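Results of the structural survey
Here is what each chain is made of, one letter per residue.
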Amino acid sequence: MCVALPGKVTAVEGRTATVDFSGNIVQARAGLVPVKVGDWVLVHAGCILQTVSANEAEEMEDIFREVEALGV
């Protein structure tokens, strides 16, 4: 199973974006979809797959926390 995680874009340089995942900062390829600073995005395997709303990102993070609490 593949899981794309939500993160917030904090910088964009060319086709590379800096994305913040709850304090974990990573570089992700932004060539598939246009992104700008402040966008919430889904990232898998170092590539931004799509943008999502802040509400969608928050809902996803809540679900991931619930699953983590279950020890799954």
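Note that the coordinates shown come from a computational prediction; the quantities given were computed from them, not determined experimentally.

**A short note on the environment of Gly-71**
Following the sequence through the fold, Gly-71 ends up in the segment after helix H1 (54-70). With relative accessibility at 66%, the residue Gly-71 sits in the exposed group.

**Quick word on the pattern of salt bridges**
Using the criterion set out here, one finds two salt bridges in the structure. With its nearest N and O atoms 3.0 Å apart, the salt bridge here joins Lys-36 to Asp-39. Asp-62 is the partner of Arg-65 in a salt bridge, and the nearest nitrogen-oxygen pair spans 2.6 Å. On the criterion of helical spacing, the pair formed by Arg-65 and Asp-62 is a turn pair, its members being three residues apart in helix H1. By relative accessible area, which is 45% here, Arg-65 ends up partly exposed.

**Side note on a nonpolar patch on the surface**
A cluster of nonpolar side chains, Val-3, Leu-5 and Phe-64, forms an exposed patch at the surface whose accessible area comes to about 220 Å². Relative to the elements of secondary structure, Val-3 occurs in the segment before strand E1 (5-13). For Val-3, a relative accessible area of 35% puts it in the partly exposed group.

**A few points about the nonpolar core**
Core analysis: the largest hydrophobic core is formed by 11 residues, namely Val-9, Ala-17, Val-19, Phe-21, Ala-28, Ala-30, Val-33, Val-35, Val-41, Val-43 and Ile-48. Counting only elements with at least two residues in this core, the list comes to strand E2 (16-21) and strand E4 (40-44). A per-element tally of this core places E2 first, with three residues. Here Ala-30 is in contact with Arg-15, Thr-16, Ala-17, Val-35 and Ile-48, once residues within four sequence places are set aside.

**Section: the side chain of Asp-39**
Here Asp-39 lies in the loop between strand E3 (24-29) and E4. Reaching out from Asp-39, the side chain makes a polar contact with the backbone nitrogen of Lys-36 at a distance of 2.9 Å. Apart from the residues lying within four places of it in its own chain, the contact partners of Asp-39 are Gly-7, Lys-8, Val-9, Pro-34 and Thr-51.

Conventions adopted
Numbers given to residues run from 1 along each chain, matching the order in which its sequence is written. The predicted origin of the model limits local features to residues at a pLDDT of at least 70 and limits the giving and counting of side-chain atom pairs to 80 or more, whereas totals for whole chains, interfaces and linings rest on all residues. Hydrogen atoms and water are omitted, and side-chain values are computed over all heavy atoms in the structure. In this description a helix means any DSSP run of H or I spanning at least four residues, a strand means any run of E spanning at least two, and both kinds are numbered starting from the N terminus. Between buried and exposed lies partly exposed: a residue is buried under 20% and exposed over 50% of the maximum accessible area for its type, with that area taken using a 1.4 Å probe on protein chains only. Salt bridges are defined by distance alone: a side-chain nitrogen of Lys or Arg within 4 Å of a carboxyl oxygen of Asp or Glu. The residues that make up patches have over 30% relative accessible area and no salt bridge, and they are joined within 9 Å when like-charged or within 5 Å when they are Val, Leu, Ile, Met, Phe, Trp or Tyr. Throughout, the Shrake-Rupley method with a 1.4 Å probe supplies accessible areas, and for residues the shown protein chains are the sole cover considered. Here, the term nonpolar core denotes a set of buried Ala, Val, Leu, Ile, Met, Phe, Trp, Tyr and Cys residues that are joined through side-chain atoms within 4.5 Å. Should any heavy atoms of two residues lie within 4.5 Å, those residues are considered in contact. N or O atoms within 3.5 Å of each other form a polar contact, as long as, within protein, one can give a hydrogen and the other can take it, and as long as residues adjacent in sequence are counted only when both atoms are side-chain atoms.

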